[in-house]
Amino acid sequence: MKDAMAVYLSAEEAAKRLGVSRQTLYAYVSRGLLQAHAAADPRQSRYLSDEVERLRAERKRGRRPKEVAKSTLDWGVPVLESAITLIRRGRLYYRGQDAVRLAATATLEETAALLWGCAVETAFPPGPPACLPGYEALLPHCAEAPPTEALPILLLAAAADEATASWRPVDGRFFESCGGLLRLLFAAALRTRPSAAPLHRQLATAWRLDEAGADLVRMALVLCADHELNASSFTARCIASTGASLRAAVVGGLCALSGTRHGATTMRNEHFWAGLAPEETMATQLERRLAAGERIPGFGHPLYPDGDVRAKALLARVLPEFPVAADLLSAAEGLTGQAPTIDIALVALRRHLGLPEGAAFMLFALGRTVGWIAQAMEQRGTEHLIRPRAIYTGVQPDEAGGESGPGAG
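Computed from a prediction, not measured in an experiment: that's the story for all the values here.

Asks: What am I meant to see in the packing of aromatic side chains here?
Replies: Aromatic ring pairs are reported here in terms of the distance separating the ring centres and the angle at which the planes meet. This model, assessed by the stated rule, comprises 3 aromatic pairs. Aromatic pair Trp 116 and Phe 124: ring centres 5.9 Å apart, planes at 25 degrees, arrangement stacked. By relative accessible area, Phe 124 is classed as buried at 9%. Ring centres of Trp 273 and Phe 322 lie 6.1 Å apart, and the angle between their planes is 15 degrees; this geometry places the pair in the stacked category. Note that Trp 273 is positioned in helix α16 (residues 265–274) and Phe 322 in the loop between α18 (309–318) and α19 (323–336), a separation of 49 residues in sequence. The exposure classification of Trp 273 matches that of Phe 322, with both residues buried. For the cation-ring pair, Arg 289 lies above Phe 272, with the distance from its terminal atom to the ring centre recorded as 4.0 Å.

See below:
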């Protein structure tokens, strides 16, 4: 149905609309800026009119610095190069491997080794990492703190800064420090001592899950491992670019993730879900709340027009056994026309498995730490300081030398 409504252009028409030669058009395709679709004639390609118009608008913005600045900082054109994660045509790839397929069997340790470019046994040797003595003394004080607050504090208390301050990836001990940092964060999340047990097994044991539950947790962690240049990953890269330690980059990522427009969207989902009454149909309640101007969080992702593939993968295993969630998500998608994102999928997983509140955010943070480490390592390897410029929109100074500001003139 969707294809029947689509408008396609020939190569000549697309090039004309973009104001470029056919050779430049083909270059756009090779760089991933435009997708070529098969035509009836196998020697020809055709191009979606909407995609051509989007590219034309981006090129037009590119001639105006102010518009470029806006578009690059809001789901816009790429601002730096990366070989870690690719989101293209509704699919997610880690180092060229389909992330959904990888999540079907891979552990978080294996995913970390892939993203960090090392062997699993190098980053995760036998034996738990050592933690600083102040960590255990701090644990009782963080017992009731939500993970958004506790994780940065406990990681700082547990991990020595020097372990990842030298940034020597050629040294195998550096990767061991990376793995140790991840293990320490898992310990902080569970408010316990660090362990060398498989990461998803640590959570499964603490949450008393069966094999099926443990496997869902493993899958969720891998699906959350990285997501290109999101706000927290960009934060980690900015910190790494200054020469700060890897621990500092991870703490920065945790703080950025705690925002309600990022990882803490899971908490907004929890509050929204908790306010629904079991005696009324989901559709009736959602219609009433939408009519009141309330927005349903956790639906619609700009990078996935046909639905967040991470959410699809998780929900395919959760919803058949969780009819209440299936009703809620189906009703919300029908009313908004938008598909669920990973945020609400993690909340559905938490509720399905009976995990403690805050576990959805915890899974997001623990999985994404793998990506922050990879992003920080890659950024540090460039030896470039991330230092963008701002377009000033405030009161203009009197550059002629006279006084300016209140009271002047």
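Once you've had a look at it, read on.
Asks: Explain α16 to me, please; I cannot follow it from the model alone.
Replies: Think of an α-helix as turning once every 3.6 residues; residues three or four places apart then point the same way. Among all positions in α16, only Thr 265, Thr 266, Asn 269, Glu 270, Phe 272 and Trp 273 are buried. Buried positions in α16, seen along its axis, are confined to an arc of 170 degrees and lie on one side of it. Exposed side chains of α16 directed beyond 90 degrees from the buried face belong to His 271 and Ala 274. Next to the buried residues of α16 lie α17 (282–291), α19, α20 (342–353) and α21 (359–382).

What counts as what
Residues numbered from 1 in each chain as written. Predicted model: local features only at pLDDT ≥ 70, side-chain atom pairs only at ≥ 80, totals over all residues. Heavy atoms only, no water. Phe/Tyr/Trp six-rings, centres within 6.5 Å; stacked < 30°, edge-to-face > 60°. Buried < 20%, exposed > 50% of the residue type's maximum accessible area, 1.4 Å probe, protein only. Helix = DSSP H or I, 4+ residues; strand = E, 2+ residues; numbered from the N terminus. Lys NZ or Arg CZ within 6 Å of the ring centre and 35° of its normal. Arc of directions from axis to C-beta. Contact = heavy atoms within 4.5 Å.

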